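Listed here are the chains, written in short residue letters.
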Amino acid sequence: MPESLKCVVLISGTGTLLQALLDTIDTGGLAATVVAVGADRQAEGITRATSKGIPTFVLPLRKGQDRELWDRDLATAVAQFEPDLVISAGFMKLVGTHFLTQFGGKFINTHPALLPSFPGAHAVRDALEAGVKVTGCTVFAVDEGIDTGPIIAQEAVDVLPHDDEATLHERIKIVERRLLVEVVKNWRKDG
Ligand code: GAR
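Source: prediction; values computed, not measured.

Q: What exactly am I supposed to notice about the side chain of S88 here?
A: Turning to its location among the elements, S88 is positioned in strand β4 (residues 85–88). On the basis of relative accessibility, which here comes to 3%, the residue S88 falls in the buried class. In this structure, S88 is in contact with L10, F107, I108, N109 and T110, ignoring residues within four places of it in sequence.

Laid out in structure tokens, this is it:
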């Protein structure tokens, strides 16, 4: 039996990617433990975690607030759970140097486009506006840039003629949940 991988998951939204990890863990398909869920707002993903008895923390980054201080607080909050892996699963904030110094190499993110195409916060909308016929999702290691880190896994999703942002994003997320679970499954603590 492989040793359980301790994961901290960061979210900002509904947390369906988080849910996919939790469901796979519950059914014995993933030797991991979500030791904490963090967010920058009171999001549905926090409610999901709380209902499963998982420790949570919420650190909003308010307008005008010192970003470096927030970054340090986030790193401190994550560090207390001593994770093997930190997963940004729909966390819509960029972390800073302090966080990356502490967790670089074991911090991954998932993005709803085939990077390096369509980085940023509106990947699905941007792909639709560009008129691409194929988009997808990417799991990558986070570096200092905006969605620029080394790519770990990618999968394509067709854009259908009548797609809008919601329908396309939902189809991407179906693939994305599986891809993220696979990456975590294959993650080795010691690189
Ligand atoms: C996912 O599609 C994820 O890739 C995206 O937020 C969604 C979260 O879904 N993240 C980004 O766009 C980050 N740039 P969920 O809240 O249902 O898990």
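What follows continues from the structure just given.
Q: In this structure, what is going on with the nonpolar core? I would like to understand it.
A: Within soluble globular proteins, side chains that are nonpolar generally end up buried alongside one another. Among the nonpolar cores identified, the biggest contains 37 residues, and V9, I11, V37, I87, I108, L180 and V184 are the most heavily contacted of them. Looking at this core, the elements that each hand over two or more residues are β1 (5–11), α1 (16–26), β2 (32–39), α2 (44–51), β4, β6 (134–141), β7 (151–158) and α6 (165–186). Ranked by residues supplied to this core, first place goes to α6 with eight residues. Counting 22 residues, the second-largest nonpolar core is a separate cluster that includes L10, F91, V95 and L100.

Q: Looking at this structure, I do not really get the packing of aromatic side chains. What am I missing?
A: For the structure shown, the criterion picks out four aromatic pairs. Consider the rings of F99 and F103, whose centres lie 4.9 Å apart with planes at 45°: the pair is tilted. Separated by four residues within a single helix, F99 and F103 lie in helix α4 (residues 97–103), roughly one turn from each other. Both residues of the pair, F99 and F103, belong to the buried class. Taken together, the ring pairs connect F99, F103 and F107 into an aromatic cluster.

Q: Please clarify how α1 should be interpreted in this entry.
A: Since the α-helix packs 3.6 residues into each turn, any two residues three or four apart lie on the same face. Of all 11 residues that make up α1, eight are buried, and the element is covered over most of its length. Taken together, the buried positions of α1 are occupied by T16, L17, L18, Q19, A20, L21, L22 and T24. The secondary structure elements touched by the buried residues of α1 are β1, β2, α2, β4, β5 (107–111) and α6. In the stretch just after α1, G28 is the one whose phi turns positive, near 80°.

Q: Before we go on, may I ask you to explain the sheet that holds strand β3 (residues 56–58) in this structure?
A: Picture the strands of a sheet paired through backbone hydrogen bonds; they go either parallel or antiparallel. Strand order in this open sheet of seven strands is β3-β2-β1-β4-β5-β6-β7, and the pairing throughout is mixed. With partners counted over all chains shown, the strands left at the sheet margins are β3 and β7, one partner each. On average, each strand axis in the sheet is tilted by 20° relative to the strand beside it, whichever way the strands run. In the sheet, β4 pairs with β5 via three bridges, with the strands oriented parallel. Counted as the bridge partner of I87 is I108 from β5.

Q: Where do I start with the site of the ligand in this structure?
A: By nearness alone, 14 residues border the ligand, and T14, T16, H169, K173 and E176 come closest of all. The contact in question runs from an oxygen atom of the ligand to an N or O atom on the backbone of G15, over 2.9 Å. When isolated, the ligand has an accessible area of 450 Å², and the protein chains bury 93% of it. Taken together, the elements giving at least two residues each to the shell around the ligand come down to α1, β5 and α6. Top contributing element to the shell around the ligand by residue count: α6, with three residues. A per-class count over the shell around the ligand returns three nonpolar, nine polar and two charged.

Calculation criteria
- Residues numbered from 1 in each chain as written.
- Predicted model: local features only at pLDDT ≥ 70, side-chain atom pairs only at ≥ 80, totals over all residues.
- Heavy atoms only, no water.
- Helix = DSSP H or I, 4+ residues; strand = E, 2+ residues; numbered from the N terminus.
- Buried < 20%, exposed > 50% of the residue type's maximum accessible area, 1.4 Å probe, protein only.
- Contact = heavy atoms within 4.5 Å.
- Core = buried A, V, L, I, M, F, W, Y, C linked by side-chain atoms within 4.5 Å.
- Phe/Tyr/Trp six-rings, centres within 6.5 Å; stacked < 30°, edge-to-face > 60°.
- Pairing = 2+ DSSP bridges.
- Axes fitted to C-alpha atoms, helices over the stretch in contact; angles between N-to-C directions.
- Near = heavy atom within 4 Å.
- Polar contact = N/O pair within 3.5 Å; in protein donor to acceptor, adjacent residues only side chain to side chain.
- Areas by Shrake-Rupley, 256 points an atom, 1.4 Å probe, with all protein chains shown as cover.
- Nonpolar A, V, L, I, M, F, W, Y, C, P; charged D, E, K, R; others polar.

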